[in-house]
Amino acid sequence: MKTPLFSLLRTGVLLAVGLTVARVSAAESAKYLSPESLVAAPDGKRLYIADVTGARIQVFDLQAGRVTREIGLPGSPGGLALSPDGARLYVSEAAVEGRAHEIDLKSGRLLRHFAVGHTPTAVSVGSGGKTLFVCNRFDDDVSIVDLASGKETGRLPVVREPVAAGLSRDGARLLVVNQLPSGAATAPPVASAVSILDVKARKVVKNVKLPNGSTGARGIAFSPDGKFAYVTHVLARYGLPTTQLDRGWVATSAVSVIDVAGARYIDTFLLDNVMRGAANPWGIDCSADGKWLCVTHAGTHEVSVINRAKVHEKLDAAKKAGAEKSSGAIVAPVNDLAFLVGMRKRVKLEGNGPRGLVVAGGMACAVEYFSGTLAVLDLAVERAKAKSVSLGDQKAMSQARRGEMLFHDAEHCFQQWLSCATCHPTDGRVDALNWDLLLDGVGNPKNTKSLLHSHQTPPTTFTGARPNAEASVRAGIRFIEFVVRPEEDAAAIDDYLRTLGPVASPRLANGRLSAAAERGKEVYRKAECARCHRAPYHTDQLTHRVGTGKGREKETPFVTPSLTECWRTAPYLHDGSAATIKDMLLKHNEGDAHGKTSGLTAKEIEDLVEYVLSL
């Protein structure tokens, strides 16, 4: 007779669990286990886990403490959602021509595929199991799929890169978490937003902005009574130079609270301690009784278990105190690193890179991306330790995979405030913020650059202050994370960044330039854009004075940025002052420094924009 996982946890002992599951295929067995998201069965006895690199769903039995089934998928899974009766699982496939799959959980068969948008992420089942909502990350919208017909019946635009979503308890509203800020980086508030959609009316009710500096938004959860939604995100203090890293002056981790019915922002509280960051918050869930709010910290490999009622009591008290007294003696929750003292326990995990989290059967369960494990924590035991259970045989790390792990790891940072991925979330791209790295004095912030092709296109940084990406990686470790690390760590991060490849633009039509983009290609030639933005990386890797910025910056030469994948790297220019490519061409191109566009017609400008955003 097998001992249930519950019993092992409650006695403080967890034995190694041998997995007896069949491999999906020889090709799949050679890939890493990379569990990223999960969902619990309605009865709380099973977990369905999305293995990103393994292209499969793993069914984990919480009582048996092991994987009991694996369901192969045609592509990399993203978000997960169950039908109301728990009989069917819906999985998004993160691809350029995205799809959502319907799986019969009794047989393990893939029943249907639904065509949706570019790189679908979160999925939600609404309308009593009749409708599937799918977030299309790079189309910046949400697909509405009628499950009776299996057809997409419409799309709703959101803000930028929707990565998480959840339905309100009454099913009337869908809340969508947008990962990145939209708009110019010079016009605060620069912050991610939560889009609130009216399900019945099929319209966006409101885009609720989070506090200035909010970026890297990842997860959402609801209180059991449905009144509140909780959103995890980074809260950057980007107005200060990075030398102020200690005590959370540069980057903090936060949860923002949303009033669901009122469609309004309530407040934000910090997850860090005074001298110890809780970097890169990701998954979040609330226990069924409403007592606990649990959050994963992907950068510090922890789970925070928070007394939810006490949080609201303290938020209410802070609001009341602020209304009664406006002196600077009151520390707002958004700036209070001691806010959770006495209300939260930080539990260190055995695995590496916790991401998705659910609370099921009284257990906080978090998937650990890099170690290929499942962390399980008994919430009923006061001093319980989390135990990590293997989800299968994990392939030995290559140098590049280790570099990816280090890129996301904040444990090596001074006081654990951030990792490389804090400012370069999701495959080394951008956070849409301006940072003062002190490369040209104090008070000259520059917009975060994508690290795509950074090793192939030296020099790095907007001013070319670093001769190459290798130098930038080592300088980032020393002057942003403020640590000394072995050379092999930096070399591994180099290897990881060299593996990054471009994603096809959502502007392409069946992988090809649209008619407008084809016309824009000719305009690109006519405007002599290629003089500086040369193929194959669309940069000449040289510095030019282009007259952008203020004061002495107008005379500062900047390195020609690559236009590859610029559809996902807004805002533009060294200071992020151009919200769009069109803005850059029409409002920030004095003297035709960014191409000879002053003589172009409005139609030619539109076509040129279409071409550039197709690269």
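Calculation notes
- Residues numbered from 1 in each chain as written.
- Predicted model: local features only at pLDDT ≥ 70, side-chain atom pairs only at ≥ 80, totals over all residues.
- Heavy atoms only, no water.
- Helix = DSSP H or I, 4+ residues; strand = E, 2+ residues; numbered from the N terminus.
- Rg over C-alpha atoms; globule rule 2.2 N^0.38 Å.
- Buried < 20%, exposed > 50% of the residue type's maximum accessible area, 1.4 Å probe, protein only.
- Contact = heavy atoms within 4.5 Å.
- pLDDT = per-residue confidence, 0-100.
- Pairing = 2+ DSSP bridges.
- Axes fitted to C-alpha atoms, helices over the stretch in contact; angles between N-to-C directions.
- Parallel < 35°, antiparallel > 145°, perpendicular 65-115°, else oblique.
- Nonpolar A, V, L, I, M, F, W, Y, C, P; charged D, E, K, R; others polar.
- Core = buried A, V, L, I, M, F, W, Y, C linked by side-chain atoms within 4.5 Å.
- Salt bridge = Lys/Arg side-chain N within 4 Å of Asp/Glu carboxyl O.

When helices and strands are tallied, the protein shows 11 helices and 33 strands. Rg of the C-alpha trace for the protein: 24 Å, near the compact-globule value of 25 Å for 615 residues, within the 12% margin. Expressed along its principal axes, the backbone C-alpha trace of the protein runs to roughly 75 × 60 × 50 Å. Counting over 615 residues, the protein shows a buried share of 58%.

This next bit is on the environment of A332. By the secondary structure assignment, A332 is in the loop between α3 (308-324) and β25 (344-348). Here the alpha-carbon distance between A332 and A95, two residues 237 residues apart in the chain, equals 42 Å.

So, on to the environment of A184. Tracing the sequence through the fold places A184 in the loop between β14 (173-178) and β15 (193-198). Of the residues examined, A184 reaches a relative accessible area of 18% and is grouped as buried. With 399 residues separating them along the chain, A184 and D583 place their C-alpha atoms 9.9 Å apart. Dropping the residues within four chain positions of it, A184 is found in contact with V190, P571, G576, S577 and A579.

It is worth spelling out the confidence of the model for the protein at this point. Residues of the protein with pLDDT of at least 70 account for 94%, and the chain-wide mean is 93. A low-confidence stretch, residues 1-30 stays under pLDDT 50, and its non-local contacts, those more than four residues away or across chains, total 52 contacts.

What follows deals with the side chain of T121. Within the secondary structure, T121 is located in strand β9 (residues 120-126). Accessibility expressed as a relative area gives 13% for T121, which makes it buried.

Pairing is antiparallel in the open sheet, where four strands are placed in the order β26-β27-β28-β29. Strands at the two margins of the open sheet, each flanked by one partner only, are β26 (354-360) and β29 (387-390). For this sheet, the mean angle separating the axes of adjacent strands, direction not counted, is 25°. Examined bridge by bridge, β26 and strand β27 (residues 363-368) share five bridges and lie antiparallel to one another. Across the sheet, the residue bridging to P354 is E368, located in β27.

Closest axis-to-axis distance for the helix α4 (residues 399-407)/helix α8 (residues 487-498) pair is 7 Å, and the angle between their directions is 105°. When the axis of α4 is compared with that of α8, the two are roughly perpendicular. Here α4 contributes Q399, A400, R402, G403, E404, L406 and F407 to the contact with α8, which in turn contributes E488, D489, A491, A492, I493, D495, Y496 and L497. A breakdown of the residues in the contact of α4 with α8 according to their chemical character gives eight nonpolar, two polar and five charged.

Strand order in this open sheet of four strands is β13-β14-β15-β16, and the pairing throughout is antiparallel. At either margin of the open sheet sits one strand with a lone partner, and together these are β13 (162-167) and β16 (203-209). Direction aside, neighbouring strands of the sheet carry axes that sit 20° apart on average. When β14 meets β15, the two strands line up antiparallel, connected through five bridges. Looking at the pairing, L174 lines up with L197 of β15.

Moving on: unusual backbone geometry. Here the bond from P188 into P189 is cis, since omega is 5°, no more than 30 degrees from zero. Examined against the element boundaries, P189 turns out to sit in the loop between β14 and β15. In this structure, P459 follows P458 across a cis peptide bond, with omega equal to 0°. With respect to the helices and strands, the residue P459 is situated in the loop between β31 (446-447) and α7 (469-479).

Attention now goes to α4. Taken across its nine residues, α4 has seven buried, putting it largely inside the fold. Listed as buried for α4 are A400, R401, G403, E404, M405, L406 and F407. Check the buried side of α4 and you find it contacts α5 (420-423), α6 (425-428) and α8.

This part is about the nonpolar core. If you look at the biggest cluster of nonpolar residues, it comprises 24 residues, and the most contacted ones within it are Y524, Y572, I581, L608, V612 and L613. Contributions of two or more residues to this core are made by α9 (515-526), α10 (581-587) and α11 (602-612). At five residues, the largest contribution of residues to this core is made by α11. For Y524, the residues in contact, after removing those within four places along its chain, are C529, A530, H533, H538, L563, L608, Y611 and V612.

Quick look at α11 now. Of all 11 residues in α11, eight are buried, a share of seventy percent or more. If you check which residues of α11 are buried, you get E604, I605, D607, L608, V609, E610, Y611 and V612. Tucked into the core, α11 has its buried residues touching α9 and α10.

Right, let's talk about the pattern of salt bridges for a bit. Here the structure, examined in full by the defined rule, presents 35 salt bridges. A salt bridge links D494 to R474, with the nearest nitrogen and oxygen atoms 2.9 Å apart. Taken together, the residues span a long stretch of sequence, with D494 in helix α8 and R474 in helix α7 at a distance of 20 residues.

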